[in-house]
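A structural walkthrough
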Amino acid sequence: MKALIIGVGQCGTKIADLFSLVNFDAVAINTSRGDLDYLKHIPPERRILVGEGVTGGKGVNANPLLGREAMRRDLPTVMRKIGSLIGYEDVDIFFLTFGFGGGTGAGGTPILAEALKDEYPDSLVVAVGALPLREEGIRPTINAAITIDKLSKIADSIIAIDNNKLKEGDEDISRAYEKINYTIVERIASLLALVDVPGEQTLDASDLKFVLKAFGSFATVGYAKADAGKIKNLSRLILKSFENEGLYLDANIESALYGLVAIHGPPETMKAAEIFEALDYLTKRIKGKQIFRGFYPDPREREIEVVTLLSGIYDSKSIEDIVVTAKQYAQSFIKAREEAEVKQKKLLSGLPDFDDVYPTGEDGMSEIYDGPFPDVEEATKKLRRPKDD
Ligand SMILES: Nc1nc2c(ncn2[C@@H]2O[C@H](COP(=O)(O)OP(=O)(O)OP(=O)(O)O)[C@@H](O)[C@H]2O)c(=O)[nH]1
Ligand SMILES: [Mg+2]
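Residues numbered from 1 in each chain as written. Chains lettered and ligands numbered in written order. Predicted model: local features only at pLDDT ≥ 70, side-chain atom pairs only at ≥ 80, totals over all residues. Heavy atoms only, no water.

Here's the deal with helix H1 (residues 9-21)
Spanning 13 residues, H1 covers 18 Å between terminal C-alpha atoms, matching the ideal 18 Å at 1.5 Å per step. Among the residues of H1, Gly9, Gly12, Thr13, Ile15, Ala16, Asp17, Phe19 and Ser20 are the ones counted as buried. Buried residues belonging to H1 abut strand S1 (3-8), strand S2 (25-30), strand S4 (93-99), helix H6 (104-119) and helix H9 (173-193). Positive phi shows up at Asn23, right after H1, with a value of about 70°. (Helix = DSSP H or I, 4+ residues; strand = E, 2+ residues; numbered from the N terminus. Expected span 1.5 Å × (residues − 1). Buried < 20%, exposed > 50% of the residue type's maximum accessible area, 1.4 Å probe, protein only. Contact = heavy atoms within 4.5 Å.)

Following this line, the structure appears as structure tokens:
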């Protein structure tokens, strides 16, 4: 399976950089030259600075409208670069990584997604975005709501990662982000690594594409891991990967259309009865009643790992909180503006234009300058040279 990871903005390029570390093909796009320079693993020729004419290479300061404009202006360069990287190969899925709350990623990702869908109609475009922390305030929430709206009309699926769910305790923010990014990459990379691996019951690119082709709805990746020596019942571990604390997103899994489960571990732990017990239960629970499955017995492994993908989700508290908060803010903003307009009108009504307070015309001027008016015509005549006449 061929996947291309494209990071947009700071959050997105940091995540793409980690994908590059684990040998995925990755590209970084940003409006900030400094942030591009800061990356460690994506080679310099795969880093693209956009919108320099708009931002001077300094980012867009959480303004998605500018992020959109920056991507739009340099879209031909970006598409050319992507085209030259792909060559004649078919890309199964473009994964676009970004932060929903900023400007470059939130504004630029939908523009790029649309261009990729136009140019590569057989490839999937999957947006992988981090939702802002509640502590960040209203602006990132609004940016996220705008971008959710745009991407849901363009992308095949949106894998939304709720930073609030993955942040633990009160650790400092950059450390928290680092850990979250690592978790995102670990899960998605494990899943992708298990696609198209030869074996008895495995997953192929078409299974993954089927699950992710979900008309711009949300998807989430679940994960559970245990020491093979300690596992009592694999069924329990599989169920755990579907539980809310194992998922990236607060979501009602019953609203999911499709599921996909990949299990990787030592052969003696993979007991068919335990696996089917869990999968039958989950198949009944999700709306679409379809779960794709792949089993990967590996005698060298000492841990058992379950990666789960749920797609077609439309019922998610993480998303709803953002959209509802942004809507409420928009309504109260419009109301406050209307109130201010009414108040201003009321305050200013009855105020004359005071034209009569200030002098106008010749009479008026004479009140200020009380000498004789100069004869301008006469004065200019004197100044003219003879040949002008
Ligand atoms: N998971 C995760 N989220 C991040 C990270 N950095 C920023 N974010 C989130 O992403 C949002 C900010 O996005 P950035 O990527 O910093 O912004 P940008 O796209 O570079 O846009 P501008 O800086 O406005 O030009 C914030 O709301 C954060 O919640 C990160 O490393 N990991
Ligand atoms: Mg930035």
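After presenting the structure, the write-up continues.
Quick word on the layout of surface pockets
Size it by volume and the largest pocket reaches roughly 540 Å³. Surrounding the largest pocket, 31 residues form its lining, Gln10, Cys11, Gly99, Gly101 and Gly102 being those nearest its centre. When contributions to the lining of the largest pocket are tallied by element, the ones reaching two or more residues are H1, H6, strand S5 (124-131) and H9. Element by element, the count of residues in the lining of the largest pocket is highest for H1, at five residues. Its residues placed into classes, the lining of the largest pocket shows eleven nonpolar, 16 polar and four charged. In this structure, the second largest pocket encloses a volume near 360 Å³. Around the second largest pocket, the lining residues are Lys14, Asp17, Leu18, Tyr38, Leu39, Lys40, His41, Ser174, Tyr177, Glu178, Asn181 and Tyr182. (1 Å grid on protein atoms, 1.4 Å probe; cavity = no way out; pocket = protein on both sides within 12 Å on 5 of 7 lines; lining within 4 Å. Points joined across faces, edges and corners; volume = space filled by probe spheres on them. Nonpolar A, V, L, I, M, F, W, Y, C, P; charged D, E, K, R; others polar.)

Side note on the pattern of salt bridges
One pass over the full model with this rule turns up 18 salt bridges. In this structure, Lys165 and Asp250 form a salt bridge, with 3.5 Å as the shortest nitrogen-oxygen distance. Highlighted residues: Lys165 in helix H8 (residues 163-166) and Asp250 in the loop between helix H11 (234-242) and strand S8 (258-265), separated in sequence by 85 residues. Classification of Lys165 as partly exposed rests on a relative accessible area of 25%. You can call Asp250 partly exposed: its relative accessible area is 27%. Members of the salt-bridge network, linked through shared partners, are Lys2, Asp25, Arg46 and Glu89. (Salt bridge = Lys/Arg side-chain N within 4 Å of Asp/Glu carboxyl O.)

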